[in-house]
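Take a look at the letters that make up each chain.
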Amino acid sequence: MSVQINVTGEVVTAYLGGELDHHTAKEMREAIDSAVELNMPTLLILDFKDVTFMDSSGIGLVMGRYRNLLKTGAELHIMGAPPQIYKMLKLAGIERLAKLESR
Amino acid sequence: MQITNKFTLTLPARSSNESFARACISAFATQLDPTIEEISDIKTAVSEAVTNCIVHAYKEQVLGKIYITAFLQDNNSIKIKIRDKGCGIANIEQAMEPLYTSVGGERAGLGFAVMESFMDSVKVSSVVGKGTTITMTKKISPRISVNG
């Protein structure tokens, strides 16, 4: 599990890597939330390109970040989702909350 | 239907064992020659069921045990039983509703929806105060040989 944060102007990009499950979600969530709190972006991009596994804990992570961003009106984009993760995000209807792009 | 192979695994309900449990089952399931997508479906469903044991059955407080049994069957299917001795589910129908969660917060309430979507069948039996058993099956599609 890894999270790398990149800040460019008003955009925060979180590059997620490794396995995203209930065990690893907490650490990822904390890293993303502290970057958002510090930088107050207008756009948060979650990049799933290097995520090798994700269960519904990942959906919880996306939904939770979406709820937090509602408070400031910032947008959420999801990029680079590998096929299996894209399938999971579609199952949860995430495209109704965020712009969703597969790898 | 004949059982051709079987393994059992008992694990403490620690979140660090979520990845271990799904890795074990996926290694076992490779004997059926599944596609990457089929393996990923099985791993995801197992991860949901094991996480439910930790988060719901034992409420992340009691270090209970998770009992996993997997069977390979001669119709090229895998059957997986995941059992806990936790609090049990009072209303199974409600628990299986997509987006329903009893704990809120960062849980999406999609665990059962994912299991049902990624496996061919999911059965839940539960007794309040005794525990829950999830039984899931998935048939692995036969591969067509390139040599005919």
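Scroll up to find the structure.
Residues numbered from 1 in each chain as written. Chains lettered and ligands numbered in written order. Predicted model: local features only at pLDDT ≥ 70, side-chain atom pairs only at ≥ 80, totals over all residues. Heavy atoms only, no water.

Engineer: Would you mind going over the packing of helix H3 (residues 83–91) of chain A against helix H4 (residues 111–118) of chain B in detail, with residue names and values included?
Structural biologist: When two helices pack together, their arrangement is given by the angle between the helix axes and the distance between those axes. For the pair H3 of chain A and H4 of chain B, interaxial distance at closest approach is 11 Å and the crossing angle is 125°. By the angle between their directions, the pair H3 of chain A and H4 of chain B is classed as oblique. Seen from above, H3 of chain A lies across H4 of chain B with right-handed handedness. Here Lys87, Met88 and Leu91 of chain A of H3 of chain A lie close against H4 of chain B, whose contacting residues are Val114, Ser117 and Phe118 of chain B. When its residues are assigned to classes, the contact of H3 of chain A with H4 of chain B shows four nonpolar, one polar and one charged. (Axes fitted to C-alpha atoms, helices over the stretch in contact; angles between N-to-C directions. Helix = DSSP H or I, 4+ residues; strand = E, 2+ residues; numbered from the N terminus. Parallel < 35°, antiparallel > 145°, perpendicular 65-115°, else oblique. Left-handed = near helix turned anticlockwise from the far one by under 90°. Contact = heavy atoms within 4.5 Å. Nonpolar A, V, L, I, M, F, W, Y, C, P; charged D, E, K, R; others polar.)

Engineer: Can you tell me about the interface of chain B and chain A, naming the residues and giving the values?
Structural biologist: At the interface, 26 residues of chain B touch 22 residues of chain A. The junction of chain B with chain A conceals about 1900 Å² of combined surface from both sides, 52% of it contributed by carbon and sulfur atoms. Where chain B packs against chain A, one counts five salt bridges. Glutamate 19 of chain A serves as the salt-bridge partner of arginine 22 of chain B, at 2.9 Å between the closest nitrogen and oxygen. For the interface between chain B and chain A, the tally reads 15 residue pairs in polar contact (both at pLDDT 80 or more). (Buried area = accessible area lost by both parts, 1.4 Å probe. Salt bridge = Lys/Arg side-chain N within 4 Å of Asp/Glu carboxyl O. Polar contact = N/O pair within 3.5 Å; in protein donor to acceptor, adjacent residues only side chain to side chain.)

Engineer: Which residues make up the pattern of salt bridges, and what values do they have?
Structural biologist: Think of it this way: side chains of opposite charge can pair up when their charged atoms draw near. Applying the stated criterion to the full structure yields 11 salt bridges over all chains. One salt bridge connects arginine 65 of chain A with aspartate 33 of chain A, and the closest N-O pair in it is separated by 2.7 Å. Of the two residues, arginine 65 of chain A is situated in helix H2 (residues 56–70) and aspartate 33 of chain A in helix H1 (residues 22–39); the sequence distance between them amounts to 32 residues. Its relative accessible area of 2% is what places arginine 65 of chain A among the buried residues. Through salt bridges with shared partners, one network takes in Lys87 of chain A together with Glu37, Asp41 and Lys138 of chain B. (Buried < 20%, exposed > 50% of the residue type's maximum accessible area, 1.4 Å probe, protein only.)

Engineer: Tell me about unusual backbone geometry, and please be specific about residues and values.
Structural biologist: At methionine 40 of chain A, a position not held by glycine, the phi torsion is positive, near 40°. With respect to the secondary-structure elements, methionine 40 of chain A resides in the loop between H1 and strand E3 (43–54). Residue classification places methionine 40 of chain A among the exposed positions, given a relative accessible area of 54%. We note that lysine 59 of chain B has phi near 50°; this positive angle belongs to a residue other than glycine. Of note, lysine 59 of chain B is situated in the loop between helix H2 (36–57) and strand E2 (65–73).

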